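Structural features, examined
Residues per chain, in single letters:
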Amino acid sequence: MSDITPDALEERLLLLTPTGTDSTSAHEVLTRSGFLVTPCTDMAHACHEIYRGCAALLIAEESLGRDNISGLADRIRSQPPWSDLPIILLTGRSHLTQHTSELFELFQDRGNITLLERPFRINTLLSTLRMALRSRRRQYEVRGLLEQVQRANIELEGRVAERTAQLNSSVKSLESFCYSLSHDLRAPLRAIRSFMNVIEQDYGGRLDDEGRQLLSRVRVAGERMDALINDLLTLSRVTQSDVPLGPVDVPRVIALAVEDMRDEIEKTRAEVRLEPLEGKVRANPVILRQVLENFLSNAFKYTRKNEPPRIHIWSERQDNRIRISVKDHGIGVAPEHHSRIFDLFRRLHSSEYPGTGVGLAIAKAGAERMLGEIGVCSENGTGSCFWIELQAA
Ligand code: ADP
């Protein structure tokens, strides 16, 4: 049997009947009818052959014993999902034996058993066996299809990984292109701005009103471009670099961010209320400070006309996360814009308020880098509350 091909193994009919002349003649009849028969000496042998591969098991009730039923049940239960091995059980004419009933009970959930009551016509046996073989071949087809699906899945996963790697590398090159472009634009801009100063100082007196107005517009455009380049460089730094994360003290980082806004606070006579809880978040101190500064500078900027800013900063803990919130009482953001204002260059109030539309994109990239989340709660006209949520450390 060792030189049998895998295909032939799977076509075999296993025969488990008490040894003797009946068994020999059954073997002969089945072989003559074209079946590839493997007689089994006992249940252990049958179970071993099922494991190697077979199409069906023909078993006489007399071969079932209390001590061997569970071995067969285990073998049937451990079949792969596509397999439902046909078992043809030859029973006596009267009631089922206790072992056959037990076998049925064990196979309640799984088992493809056909009972053939003796005496039966040989043609009945042959057609039952042919049906069993046909059903087994369909199972092999299902197995083939499952294998195809599995192969396709593996191939697809490989392709997705390859494309993702290509995309990541394109994104990386684009990011470094953006960084070097922003960086290189700085030098000519610096030259333009210093020549502008020279023109204003040395030649300003010789210009008429219109000339001076044009000069002032060039200066404002230069300042705007400078702000834009600085913001884009910050964004590149946040998205490009490997960001080491560690415990960052929440009250301290908030205090530092507020300190950086000291001039703005004095200039606008802002009222700033701080209520941070004692605690640490897993973050990068430079990026977290940058995020909070972006929230704060917007809170100072988007105020209602002639109203000094009122800003409330606090933090709260939920399970193992800490949320830091910056709330203002300014013009607010309508709910339909909440998801979009974190996009790069998205500005809702371009004409009335200066800005580049990069600040919240930096904040979002920073939050992602620190494995956190970012969001806003606001109604138009009732102020806004921007928050960042990070893992507690
Ligand atoms: P910028 O302020 O430079 O325009 P941001 O990316 O910081 O860019 O903000 C994007 C847009 O979101 C702003 O143009 C503004 O319309 C809106 N926004 C941000 N913060 C606030 C706020 N605190 N109150 C009202 N609107 C805000």
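Throughout this description, residue numbers start from 1 for each chain and increase along the sequence as written. Restriction of local features to residues with pLDDT of at least 70 applies here, the model being predicted, together with a cutoff of 80 or more for giving and counting side-chain atom pairs; totals for whole chains, interfaces and linings are based on all residues. Excluded from the side-chain calculation are hydrogens and water; included are all heavy atoms of the structure.

**Regarding the overall build of the protein**
- Helix and strand assignments come from DSSP, with helices taken as H or I runs of at least 4 residues and strands as E runs of at least 2, each series counted from the N terminus. Along its length, the protein carries 11 helices and 12 strands.
- The C-alpha atoms of the protein give 40 Å as radius of gyration, which overshoots the globular expectation for 393 residues (21 Å, by more than 25%).
- By residue count, 38% of the 393 residues in the protein fall in the buried class.
- We call two residues in contact when some of their heavy atoms are within 4.5 Å. Across the protein, the fraction of contacts at a sequence separation of at least 24, relative to all contacts at a separation of at least 6, is 76%.
- For every accessible area listed, the method is Shrake-Rupley and the probe measures 1.4 Å; residues are considered covered only by the protein chains on display. Accessible surface computed for the protein: about 23000 Å², of which carbon and sulfur atoms make up 52%.
- His residues and chain termini do not enter the charge count, which takes Lys and Arg as positive and Asp and Glu as negative. Positions of charges follow a simple convention, taking NZ of Lys, CZ of Arg, CG of Asp or CD of Glu. Averaging the locations of the 50 positively and 54 negatively charged side chains of the protein gives two centres separated by 3 Å. We take the radius of gyration over the C-alpha atoms and set the globule estimate at 2.2 Å times the residue count to the 0.38 power. Burial status follows relative accessibility: with a 1.4 Å probe on protein chains alone, a residue under 20% of its type maximum counts as buried, one over 50% as exposed, and anything between as partly exposed.

**Section: the nonpolar core**
- Of all hydrophobic cores here, the largest spans 44 residues; its most connected members are Leu288, Leu292, Phe295, Leu296 and Ile388.
- With eight residues, helix H10 (residues 285-301) is the largest single contributor of residues to this core. Note on terminology: a nonpolar core comprises buried Ala, Val, Leu, Ile, Met, Phe, Trp, Tyr and Cys residues joined through side-chain atoms within 4.5 Å.

**Focus: helix H6 (residues 122-203)**
- In a helix, the anticipated span is given by 1.5 Å times the number of residues less one. Compared with an ideal rise of 1.5 Å per residue, which puts 82 residues at 122 Å, H6 spans 119 Å between its outermost C-alpha atoms and is within 8% of the ideal.
- Bending is quantified residue by residue as the angle between axes fitted to the seven-residue window ending at that residue and the seven-residue window starting at it. Maximal helix bending in H6 amounts to about 25°, located at alanine 187; proline proline 188 follows within four positions.

**A closer look at the packing of aromatic side chains**
- Stacked, tilted and edge-to-face are the three classes applied to pairs of Phe, Tyr and Trp rings, where Trp contributes its six-membered ring and a pair requires centres within 6.5 Å; stacked means planes under 30 degrees apart, edge-to-face means over 60, and tilted covers the rest. According to the stated counting rule, one finds four aromatic pairs in the structure shown.
- Consider the rings of tyrosine 302 and tyrosine 353, whose centres lie 5.1 Å apart with planes at 50°: the pair is tilted. Of this pair, tyrosine 302 sits in the loop between H10 and strand E9 (310-318) while tyrosine 353 is found in the loop between strand E10 (321-328) and helix H11 (359-369), placing the two residues 51 residues apart along the sequence. Across the pair, exposure class does not vary: tyrosine 302 and tyrosine 353 are buried alike.
- Among the aromatic side chains, those forming a connected cluster through ring pairs are Phe295, Phe342 and Phe386.
- We call a charge positioned above a ring when the Lys NZ or Arg CZ atom is no farther than 6 Å from the ring centre and deviates by at most 35 degrees from the ring normal. Between the NZ or CZ atom of arginine 143 and the centre of the ring of tryptophan 82, over which it lies, the distance is 4.8 Å.

**Details of the environment of leucine 89**
- Residue position: leucine 89 is located in strand E4 (residues 86-91).
- For leucine 89, a relative accessible area of 0% gives the class buried.
- Separated by 45 residues in the primary sequence, leucine 89 and arginine 134 place their C-alpha atoms 18 Å from one another.
- Not counting residues within four places of it along the chain, the set of residues in contact with leucine 89 comprises Ile59, Ala60, Glu61, Leu64, Thr100, Leu103, Ile113, Thr114, Leu115 and Leu116.

**Topic: the pattern of salt bridges**
- We define a salt bridge as a side-chain nitrogen of Lys or Arg found within 4 Å of a carboxyl oxygen belonging to Asp or Glu. Taken as a whole and judged by the stated rule, the model has 20 salt bridges.
- Residues glutamate 10 and arginine 143 are paired through a salt bridge, measuring 2.7 Å at the closest nitrogen-oxygen approach. With glutamate 10 in helix H1 (residues 6-11) and arginine 143 in helix H6, this residue pair connects regions lying 133 residues apart in the sequence.
- Glutamate 389 is the partner of arginine 321 in a salt bridge, and the nearest nitrogen-oxygen pair spans 3.4 Å. Here glutamate 389 lies in strand E12 (residues 384-391) and arginine 321 lies in strand E10, a separation of 68 residues in the sequence.
- The structure contains a network of salt bridges with shared partners spanning Arg321, Arg323, Glu373 and Glu389.

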